[in-house]
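Fold and contact review
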Amino acid sequence: MSMIKQTAVTTWFLQFEGSAPTQVSWPSGVQLVEAEIASPELSQFMFRTVGGPWRWFSRLSWSYQQWLEYLTQQQVRTWLLWVQGTPAGYIELLKHSDQSVEIKFFGLLPPFVGRGLGLSLAQAAIMLASQWQAAKIWLHTCSTDHPAALKNYQQAGFTLMHTEHSVEALPELNDSRLLTENFVYSTLAYHLENAG
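Residues numbered from 1 in each chain as written. Predicted model: local features only at pLDDT ≥ 70, side-chain atom pairs only at ≥ 80, totals over all residues. Heavy atoms only, no water.

Some remarks on the overall build of the protein chain
Test applied: Think of it this way: any DSSP run of H or I at least four residues long counts as a helix, any run of E at least two long counts as a strand, and we number them from the N terminus. Each radius of gyration is computed over the set of C-alpha atoms, and the globule rule expresses the reference value as 2.2 Å times the number of residues to the power 0.38. Burial classes: relative accessible area under 20% of the type maximum marks a residue as buried, over 50% as exposed, and values in between as partly exposed (1.4 Å probe, protein chains only). Whether two residues are in contact is decided by their heavy atoms: any pair within 4.5 Å suffices. Working definition of accessibility: Shrake-Rupley area with a 1.4 Å probe, residue cover restricted to the visible protein chains.
A tally of helices and strands in the protein chain yields 5 helices and 7 strands. Walking the protein chain from its N terminus toward its C terminus, one meets helices and strands in the order β-β-α-α-β-β-β-α-β-α-β-α. For the protein chain, the C-alpha radius of gyration of 17 Å lies close to 16 Å, the compact-globule estimate for 196 residues. Seen along its three principal axes, the alpha-carbon backbone of the protein chain occupies a region of about 45 × 45 × 35 Å. Within the protein chain, buried positions represent 42% of all 196 residues. By sequence separation, contacts in the protein chain at least 24 residues apart represent 74% of the contacts at least 6 residues apart. Counting every atom, the protein chain has about 10700 Å² of accessible surface; 53% of that belongs to carbon and sulfur.

Focus: the pairing of strand E4 (residues 86-95)
The cut-off we apply is this: The rule for pairing is simple: two strands pair if DSSP sees at least two bridges between them.
The buried count for E4 comes to 8 of 10 residues, which makes it a mostly enclosed element. Here strand E3 (residues 75-83) folds back onto E4, and the loop between the two strands holds 2 residues, one of which, Gln84, carries a positive phi near 50°. As paired elements, E4 and strand E5 (residues 101-108) share 7 bridges and run antiparallel to each other. When the sheet's bridge partners are listed, Glu92 is paired in E5 with Phe105. Hairpin connection between E4 and E5: a loop of 5 residues separates the two successive antiparallel strands, and Gln99 in this loop has a positive phi of roughly 70°.

Remarks on the side chain of Gln15
Tracing the backbone shows Gln15 in strand E1 (residues 4-16). Every residue in contact with Gln15, bar those within four places of it in the chain, is listed here: Lys136, Ile137, Trp138, Gly157, Phe158, Thr159 and Met161.

Concerning helix H5 (residues 181-193)
Residues lying three or four places apart along an α-helix face the same way, a consequence of the helix completing one turn every 3.6 residues. Quick note on the threshold: One fewer than the residue count of a helix, multiplied by 1.5 Å, yields its expected span. This arc describes the spread of directions from the helix axis toward the C-beta atoms.
When the terminal C-alpha atoms of H5 are compared, their 18 Å separation across 13 residues agrees well with the 18 Å that a helix rising 1.5 Å per residue should span. Every buried residue of H5 is accounted for by Phe183, Ser186 and Thr187. In an axial view of H5, the angular spread of the buried residues amounts to 110°, which keeps them on one side of the axis. Facing away from the buried surface of H5 by more than 90 degrees, the exposed residues are Tyr185, Leu188 and Leu192. Contact partners of the buried residues in H5: helix H1 (40-51) and helix H2 (64-73).

Topic: the packing of H1 against H5
Two quantities define a packed helix pair, namely the angle between the axes and the distance from one axis to the other. Rules: Axis definition: a line fitted to C-alpha atoms, over the contacting stretch in the case of helices. Angles run 0 to 180 degrees between N-to-C directions. We call two directions roughly parallel when the angle between them is under 35 degrees, roughly antiparallel when it is over 145, roughly perpendicular when it lies between 65 and 115, and oblique otherwise. Each residue gets one label: Ala, Val, Leu, Ile, Met, Phe, Trp, Tyr, Cys and Pro are nonpolar, Asp, Glu, Lys and Arg are charged, and the others, such as Gly, are polar.
Viewed as axis vectors pointing N to C, H1 and H5 meet at an angle of 170°, and their least axial separation amounts to 12 Å. By the angle between their directions, the pair H1 and H5 is classed as roughly antiparallel. Contact residues: Pro40, Glu41 and Gln44 in H1; Phe183, Thr187 and His191 in H5. Here the contact of H1 with H5 is built from residues that sort into 2 nonpolar, 3 polar and 1 charged.

Notes on the pattern of salt bridges
It is possible for side chains bearing opposite charge to pair when their charged atoms get close. For the record, the criterion: Between Lys or Arg on one side and Asp or Glu on the other, a salt bridge is scored when a side-chain nitrogen of the former is within 4 Å of a carboxyl oxygen of the latter.
Summed over the entire model, instances satisfying the criterion amount to 3 salt bridges. With a closest N to O distance of 2.9 Å, Glu34 and Arg77 form a salt bridge. Here Arg77 lies in strand E3 and Glu34 lies in strand E2 (residues 30-35), a separation of 43 residues in the sequence. Between Glu92 and Arg59 there is a salt bridge, with its nearest N and O atoms 3.1 Å apart. Taken together, the residues Glu92 in strand E4 and Arg59 in the loop between H1 and H2 connect sequence positions 33 residues apart. Note on accessibility: Glu92 and Arg59 belong to one class, buried.

So far we have only geometry, and geometry alone does not tell us how the molecule works.
So this is what it looks like as structure tokens:
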């Protein structure tokens, strides 16, 4: 049985105020590549795996169809960070109707945290948003994210615009939402319906 714990969460909304970098240098064996084909499986995997340690929960209940609609009906672009051929992190950008670009999701898979890739990935996200003709570049982070997230974003050139406080039902380790059953079953059904 799942335990749901109510947790006080502080959310910080930040806007980029600096000059966007025009290039980002990566160590040998590291590449950032755009995933140009909408793939619910890929996006769901990155969201769940990167966000798991920080208890990202907003999309855990999404079905395959919800992911597909989001990826194909919104202005969404995704980049994967590869380290020696292994997925290590990702950037998801969302362009809003006001032409602002939100760094919607961003982060590293757990084995790659602490290897000095985070700041370069943040700089790449800013550069890519800028290249997408963003009217402004913004993001939000919260008190349940990586303890250094807010400081890292500020070091990358983001300025705090406003703060919100809420109480959220964050998943505990035994929460069945973490198994993403709705996604797994809806993916099987989608592919069976569309096979052949």
